[in-house]
Amino acid sequence: MEKFSIKDVGVKVGLEIHQQLATNKKLFCNCTPIESEDYDIKFQRKLRASKSELGEFDPAALFESTKSKTIMYYANHESSCLVEQDEEPPHELDDDARKIALTIAAALKSNIFSEIYPMRKTVIDGSNTTGFQRTMLISINLFGRRCSKNFRRRREC
Ligand SMILES: [Zn+2]
C-alpha cells in the first residue's frame, strides 16, 4: 500500500460557521428579524452569473444560470425593506453583530484585522435576492497559529 502524506496531497482545510446572531436588527438595515407568515410584499428576480472582483465567473454560478429560473420572493414590510429587495444600498453594518463577531474572534485568539470590508460571493440559486452573499473576513489564524511555514501568503486557519 502506498504511503499517504497530507503534504504531498496539498490539502487545504477551512472552517465556516453559520450562526444567526441574537441582535435586534438585521446586519445591513434597521429591519427587525422577526418570523411572519403574513406576506404583504411580493417581488421576483431572474438571477444571472456575473464576474467576481477578480474578473472570473464562479463555475457553480454559471451552472446555476443555465437553469434560467425566475424566483418569487414574499416578505413582510415589518421585517423587510428595500435593502433586502436589492433596491437600496446596504446600510452601515449592525454594531451589535460586529461586536459579537469580534468577541468570538478574540475568544478564538485569532488575529483580527484593523479594518473590515464586505465582499460579495456570487450565489444565484435563489437563496438570496441580490445574486450574491455579502461576507466579511474579520480575522485569520485561529488560536494564533499560522497554518504552515510553507505558505508564504497569509492563509485562513
Ligand atoms: Zn431591511
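The structure presented is a predicted model; accordingly, all values stated were derived computationally and were not measured.

Trainee: Please give an account of the overall build of the protein chain that cites residues and values.
Mentor: A count of helices and strands for the protein chain gives 3 helices and 6 strands. Its helices and strands in sequence order give the protein chain the pattern α-β-α-β-α-β-β-β-β, from N to C terminus. Compactness check: the protein chain gives a C-alpha radius of gyration of 19 Å against a globular reference of 15 Å for 157 residues, more than 25% above the reference. Principal axes of the C-alpha set define a box for the protein chain whose edges measure 60 × 40 × 30 Å.

Trainee: Describe unusual backbone geometry, naming the residues involved and giving the relevant values.
Mentor: The phi angle at Asp86 is positive, at roughly 60°, despite the residue not being glycine. The topology assignment puts Asp86 in the loop between strand E2 (71–75) and helix H3 (95–107). Residue Lys109 is not a glycine yet carries a positive backbone phi of 55°. The residue Lys109 is located in the loop between H3 and strand E3 (111–112) in this model. Taking the number of C-beta atoms within 10 Å as the measure of exposure, Lys109 has 12 and is therefore exposed.

Trainee: Requested: an account of H3, with residues and values cited.
Mentor: Over its 13 residues, H3 extends 18 Å from the first C-alpha to the last, a length consistent with the 18 Å expected when each residue adds 1.5 Å. Positioned one or two residues after H3, Lys109 has a phi angle of 55°, which is positive.

Trainee: Lay out the environment of Ile71 in plain terms, naming residues and giving numbers.
Mentor: Structurally, the position occupied by Ile71 is in strand E2. Residue classification places Ile71 among the partly exposed residues on the basis of 15 C-beta atoms within 10 Å. Among all residues touching Ile71, those that are not within four sequence positions of it are Gln44, Arg45, Leu47 and Gly126.

Cut-offs used in this document
- Residues numbered from 1 in each chain as written.
- Predicted model: local features only at pLDDT ≥ 70, side-chain atom pairs only at ≥ 80, totals over all residues.
- Helix = DSSP H or I, 4+ residues; strand = E, 2+ residues; numbered from the N terminus.
- Rg over C-alpha atoms; globule rule 2.2 N^0.38 Å.
- Buried ≥ 20, exposed ≤ 12 C-beta atoms within 10 Å, placed from the backbone.
- Expected span 1.5 Å × (residues − 1).
- Contact = placed C-beta atoms within 7 Å.

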